[in-house]
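Fold and contact review
Letter by letter, the chains look like this.
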Amino acid sequence: MKFIKEIFPYVVILLVVILIRSFLVTPIKVNGQSMYDTLTGDEIMLLFKVGEINRYDMVVADLIVDGKKDDTLIKRVYGLPGETIKCENGIIYINDRKIDDPYATNETSDFEAVTLGDDEYFLLGDNRSISLDSRIIGPVHRKDIEGHTNFIIWPFSKFGVVKSKVE
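Residues numbered from 1 in each chain as written. Predicted model: local features only at pLDDT ≥ 70, side-chain atom pairs only at ≥ 80, totals over all residues. Heavy atoms only, no water.

The helix and strand tally for the protein chain stands at 2 helices and 12 strands. In sequence order, the protein chain lays out its α and β elements as α-β-β-β-β-β-β-β-β-β-α-β-β-β. In terms of principal-axis extent, the alpha carbons of the protein chain reach across some 70 × 35 × 30 Å. Taking all 167 residues of the protein chain together, 37% fall into the buried category. (Helix = DSSP H or I, 4+ residues; strand = E, 2+ residues; numbered from the N terminus. Buried < 20%, exposed > 50% of the residue type's maximum accessible area, 1.4 Å probe, protein only.)

If you want it as structure tokens, here you go:
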């Protein structure tokens, strides 16, 4: 009985950590250069698993190939559910209105209009010339988005909220 009393607080702490990591926040590592120059590919960030997803949020999404998770991507949300998004002459239009594109490191290649379903998002990398994003893989379903991220915890020289180009 004494052993159970001694170990009980540690079990509770472990369960709380597991629950927080499973349902609220967890660390993620940035790989690759598709979000350059916002992210350089060596950061560790916090992934927030709850909350609303808005235009220009950075999200972590599962890349689904043949019905199975193939990889995890960090991209920026451009198209929201129900919207129609296209790119003509390097300019992005949502519902036929030109939008600001302050995050693009280089020109966006043109793509045909895509009308998003009720649970679909159109994701783009900031470094468009090398990004595997919705222009190639198509819209991403909400269930395949693990959460949003904007807080770097490593390296310490970049610690904090990622600076926004849109205010």
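With that settled, consider the sheet that holds strand E6 (residues 91-94). The strand order across the open sheet formed by 4 strands is E7-E6-E5-E8, and the pairing between neighbours is antiparallel. The open sheet has two edge strands, strand E7 (97-98) and strand E8 (111-115), and neither has a second partner. Both strand E5 (residues 84-88) and E6 contribute to a ladder of 4 bridges, which runs antiparallel. Its bridge partner being in E6, Glu-88 is matched across the sheet by Ile-91. (Pairing = 2+ DSSP bridges.)

This paragraph deals with helix H1 (residues 2-23). With 22 residues, H1 extends 32 Å between its outermost C-alpha atoms, agreeing within 8% with the 32 Å of an ideal straight helix rising 1.5 Å per residue. At Phe-8, H1 shows its largest bend, some 35 degrees, and a proline, Pro-9, comes one to four positions later. (Expected span 1.5 Å × (residues − 1). Bend = angle between axes of the 7 residues up to and from the residue.)

Take the nonpolar core next. If you look at the biggest cluster of nonpolar residues, it comprises 12 residues: Tyr-56, Tyr-78, Ile-85, Cys-87, Ile-92, Ile-94, Ile-99, Tyr-103, Phe-111, Leu-116, Phe-122 and Leu-124. Elements with a minimum of two residues in this core: E5, E6 and strand E9 (120-124). In contact with Leu-124, other than residues within four places in its own chain, are Met-35, Lys-75, Arg-76, Tyr-78, Ile-92, Asp-133 and Arg-135. Counting 11 residues, the second-largest nonpolar core is a separate cluster that includes Ile-28, Val-30, Met-35 and Met-45. (Core = buried A, V, L, I, M, F, W, Y, C linked by side-chain atoms within 4.5 Å. Contact = heavy atoms within 4.5 Å.)

Bringing unusual backbone geometry into the picture now. For the bond running from Tyr-36 to Asp-37, omega is 15 degrees, close enough to zero to count as cis. Along the chain, Asp-37 turns up in the loop between strand E1 (25-29) and strand E2 (44-48). In the segment running from Trp-154 into Pro-155, the intervening peptide bond is cis, with an omega of 0 degrees. Residue position: Pro-155 is located in the loop between strand E11 (145-154) and strand E12 (160-161).

Assignment of secondary structure puts Thr-108 in the loop between E7 and E8. Among the polar contacts listed, one links the side chain of Thr-108 to the side chain of Arg-128, at a separation of 2.5 Å. With residues up to four places along the chain from it excluded, the contact list for Thr-108 reads Cys-87, Gly-90, Ile-92, Asp-101, Arg-128 and Arg-135. (Polar contact = N/O pair within 3.5 Å; in protein donor to acceptor, adjacent residues only side chain to side chain.)

The next thing to look at is the pattern of salt bridges. Taken as a whole and judged by the stated rule, the model has 9 salt bridges. In this structure, Arg-76 engages Asp-126 in a salt bridge whose closest nitrogen and oxygen atoms are separated by 2.9 Å. Taken together, the residues span a long stretch of sequence, with Arg-76 in strand E4 (residues 68-79) and Asp-126 in the loop between E9 and helix H2 (134-137) at a distance of 50 residues. As far as the burial class goes, Arg-76 and Asp-126 line up, both buried. Arg-128 is the salt-bridge partner of Asp-101, the closest N and O atoms lying 3.0 Å from each other. In this pair, Asp-101 is assigned in the loop between E7 and E8 and Arg-128 in the loop between E9 and H2, connecting sequence segments 27 residues apart. Residue class for Asp-101 comes out partly exposed when judged on its relative accessible area of 22%. Judged by its relative accessible area of 2%, Arg-128 is buried. Sharing partners across several salt bridges, the network here consists of Asp-42, Glu-43 and Lys-158. (Salt bridge = Lys/Arg side-chain N within 4 Å of Asp/Glu carboxyl O.)

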